[in-house]
Amino acid sequence: MNIGIVCYPTFGGSGVVATELAKGLANRGHTLHILSYARPARLDTFRTDIRFHEVDLSTYPLFEYPPYDLALANVMVNLIKHEKLDVLHVHYAIPHATSAFLAKQILKEQAAHVPIITTLHGTDITLIGRDPSYKDVVDFSINQSDGVTAVSDYLRDETYKFFDIEKEIRVIPNFIDLERFKRSDKGHFKKAICPNGEKVLTHVSNFRAVKRVPDVVEIFSRVIENGIDAKLLMVGDGPDRGAAEVRCRELGLCNKVHFLGKQEQVEEVLSITDLFLIPSGSETFGLAALEAMSCGVPVVSSNIGGLPEVNIDGVTGYLCDLADVDRMGDCATAIMANEDLHERMSVAARHQAERFEMDQVVAVYENYYQEIREQLQEKIHLKM
Ligand code: GMT
């Protein structure tokens, strides 16, 4: 198939999932076209079966906010016409699903056979989408999609709860490349960061408010107070990095906390990590937690959103009440202080990650595309 994939190019989870899906589908013999305003961070290798189409935003003095959705629709029109797309798969409802609808309207019969598949990831539903200034457009765009998927049961249920959706939403979970995300020997790296054999706790995110980054520092300070000799690695960057750095200074933890910034090879950091912290205020899935678990790292997380579908309480780590940094600190300490418990949780974490193996999930998407294409053909046939 000739498949168009639309995503945000940033380090956020939806862009990662979309790009990895493109790679997985290309490995299965399809030709992929990725559409975005910049080359996605994870599209890091050259291959002839994955083509990148940059959506160019011409500026004009009148446009204080250049209409990205229109420029994107225009690229979609061109690809459907000239690359003969069989499927257009958009990740994130806003504005991608809306642009896809517009592209199909422009092309009419020429695009009638091309299904639009919309995958809902997170803030497009849980935060922004519910905002009255977008809701009607989101409702409409989802309902106009030929197929709709969500990355967790939680997200599917939330979408039905807060939007007027007539479509079936199929849950297709996020996935992990078990070969890439596996523990490898990074002894030299570990020695450089932990010369005295300290434990390593890690947090990876885009440091947005929803990630509760200052809570990560609080949890770490509890672990230190509880007598564990440890270091904290903070991977990523974003608006709340400054607040977290200030809190580290206030707590006198600067020599124990390393802000590493954005990293391409997260699996290398995870390979020297003993425990992953993800105390988010909202998380539809928690891909960062899955990446850690795949590297055999137990997780202490908040008990919200889709995280319980990934992190199993008492088995792969612990789920704690939102904002309960004392309990999260105690749970982290319990794992760090008990070699047997850590080993058991580490094995269970990898085992749980195996349930989300990339190839299997990519095949589910492939079958789903086929199913929706057939449904669309039938609809067209009935109309004739
Ligand atoms: O979490 C982010 O800041 C990025 C965001 C996105 O939309 O790119 O991630 C969402 O989608 C990921 C991939 O499906 C999920 O793993 C994340 O849990 C979800 N984030 C939130 O719900 C906050």
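Residues numbered from 1 in each chain as written. Predicted model: local features only at pLDDT ≥ 70, side-chain atom pairs only at ≥ 80, totals over all residues. Heavy atoms only, no water.

J.: Which residues make up the overall build of the chain, and what values go with them?
T.: Looking only at helices and strands, the chain has 14 helices and 13 strands in total. A compact globule built from 384 residues would reach a C-alpha radius of gyration of about 21 Å, and the chain, at 22 Å, matches this within 12%. Here the analysis covers contacts within the chain between residues at least 6 apart in sequence; of these, 70% occur between residues at least 24 apart. For the chain, the distance from the average position of its 40 positive side-chain charges to the average position of its 55 negative side-chain charges is 2 Å. (Helix = DSSP H or I, 4+ residues; strand = E, 2+ residues; numbered from the N terminus. Rg over C-alpha atoms; globule rule 2.2 N^0.38 Å. Contact = heavy atoms within 4.5 Å. Lys, Arg positive; Asp, Glu negative; His and termini not counted. Charge placed at Lys NZ, Arg CZ, Asp CG, Glu CD.)

J.: Just give me the short version of the sheet that holds strand E11 (residues 275-278), but keep the residues and values in it.
T.: Strand order across the open sheet formed by six strands is E10-E9-E8-E11-E12-E13, with parallel pairing between neighbours. In the strand order of this sheet, the two ends are held by strand E10 (257-261) and strand E13 (317-320), each with one partner. In this sheet, neighbouring strand axes are inclined to one another by 20° on average, regardless of whether the strands run parallel or antiparallel. As defined by bridge partners, strand E8 (residues 199-204) adjoins E11 across two bridges and the pair is classed as parallel. Directly across from Thr 202, in E11, lies its bridge partner Phe 276. Relative to strand E9 (residues 230-235), helix H8 (residues 213-225) is tilted by about 170°, and along the sheet it contacts E8, E9, E10 and E11. Those strands touched by helix H11 (residues 287-294) are E8, E11 and strand E12 (299-302), and its axis lies near 175° from that of E11. (Pairing = 2+ DSSP bridges. Axes fitted to C-alpha atoms, helices over the stretch in contact; angles between N-to-C directions.)

J.: Please give an account of the site of the ligand that cites residues and values.
T.: Inspection of the region around the ligand gives 17 residues, with His 121, Asn 206, Arg 208, Lys 211 and Glu 283 positioned closest. Within the side chain of Asn 206, one N or O atom sits 2.6 Å away from an oxygen atom of the ligand. Measuring from an oxygen atom of the ligand, one finds a side-chain N or O atom of Arg 208 at 2.3 Å. Relative to its unbound accessible surface of 490 Å², the ligand loses 95% to contact with the protein. Summarising the domain contributions, the shell around the ligand has at least three residues from each of domain 1 (2-175 + 358-383) and domain 2 (187-354). (Near = heavy atom within 4 Å. Polar contact = N/O pair within 3.5 Å; in protein donor to acceptor, adjacent residues only side chain to side chain. Areas by Shrake-Rupley, 256 points an atom, 1.4 Å probe, with all protein chains shown as cover. Domains from an automatic or database assignment.)

J.: Tell me what's going on with helix H14 (residues 358-383), and back it up with residues and numbers.
T.: The end-to-end C-alpha separation of H14 is 38 Å, in line with the 38 Å expected for 26 residues at 1.5 Å each. Where H14 is concerned, the buried positions are Met 358, Val 361, Val 362, Ala 363, Tyr 365, Glu 366, Tyr 368, Tyr 369, Ile 372 and Leu 376. If you check the start of H14, you find a side-chain oxygen 3.2 Å away from the backbone N of Asp 359, and it comes from Glu 357. (Expected span 1.5 Å × (residues − 1). Buried < 20%, exposed > 50% of the residue type's maximum accessible area, 1.4 Å probe, protein only.)

J.: Can you lay out the sheet that holds strand E2 (residues 31-36) for me, pointing to particular residues and giving the numbers?
T.: Taken in spatial order, the seven strands of this open sheet run E3-E2-E1-E4-E5-E6-E7, and their pairing is parallel. Pairing within the sheet leaves two strands with one partner each, and these edge strands are strand E3 (50-54) and strand E7 (169-171). Ignoring strand direction, the axes of neighbouring strands in this sheet form an average angle of 25°. This element, helix H2 (residues 68-82), spans strand E1 (2-6), E2, E3 and strand E4 (87-91) of the sheet and lies at about 160° to E2.

J.: I'd like to hear about the nonpolar core, residue by residue, with values.
T.: Counting residues in hydrophobic clusters, the biggest one holds 69 residues, and the most contacted among them are Ile 5 and Phe 276. If you count residues domain by domain, this core takes at least three from each of domain 1 (2-175 + 358-383) and domain 2 (187-354). Other than its neighbours up to four places away in sequence, Phe 276 contacts Thr 202, His 203, Val 204, Leu 270, Ala 288, Ala 289, Ala 292, Val 297, Pro 298, Val 299 and Val 300. Cys 248, Leu 253, Val 325 and Leu 341 belong to the second-largest nonpolar core, a separate cluster that totals 30 residues. (Core = buried A, V, L, I, M, F, W, Y, C linked by side-chain atoms within 4.5 Å.)

J.: If you had to explain the domain arrangement of the chain to someone new, which residues and values would you point to?
T.: For interface size, the figure often reported is the accessible area lost on association. Once the domains are mapped, the chain shows domain 1 (2-175 + 358-383) and domain 2 (187-354). Each of domain 1 and domain 2 has a C-alpha centre, and these two points are 32 Å apart. Contacts between the two partners involve 20 residues from domain 1, matched on the other side by 16 residues from domain 2. Scanning the region where domain 1 abuts domain 2 turns up one salt bridge. The shortest N-O distance in the salt bridge between Arg 42 and Glu 291 comes to 3.1 Å. For the interface between domain 1 and domain 2, the tally reads five residue pairs in polar contact (both at pLDDT 80 or more). Elements supplying a minimum of two residues to the side of domain 1 that touches domain 2: helix H1 (13-27), helix H4 (123-126) and helix H6 (153-162). (Salt bridge = Lys/Arg side-chain N within 4 Å of Asp/Glu carboxyl O.)

J.: Can you tell me about the side chain of Ser 205, naming the residues and giving the values?
T.: The residue Ser 205 is located in the loop between E8 and H8 in this model. For Ser 205, a relative accessible area of 13% puts it in the buried group. At a separation of 2.9 Å, a polar atom in the side chain of Ser 205 contacts the side chain of His 203. At 2.9 Å, the side chain of Ser 205 forms a polar contact with the backbone nitrogen of Phe 207. Ignoring anything within four residues of it in the chain, the contact list for Ser 205 reads Lys 211, Val 213, Val 235, Gly 236 and Asp 237.

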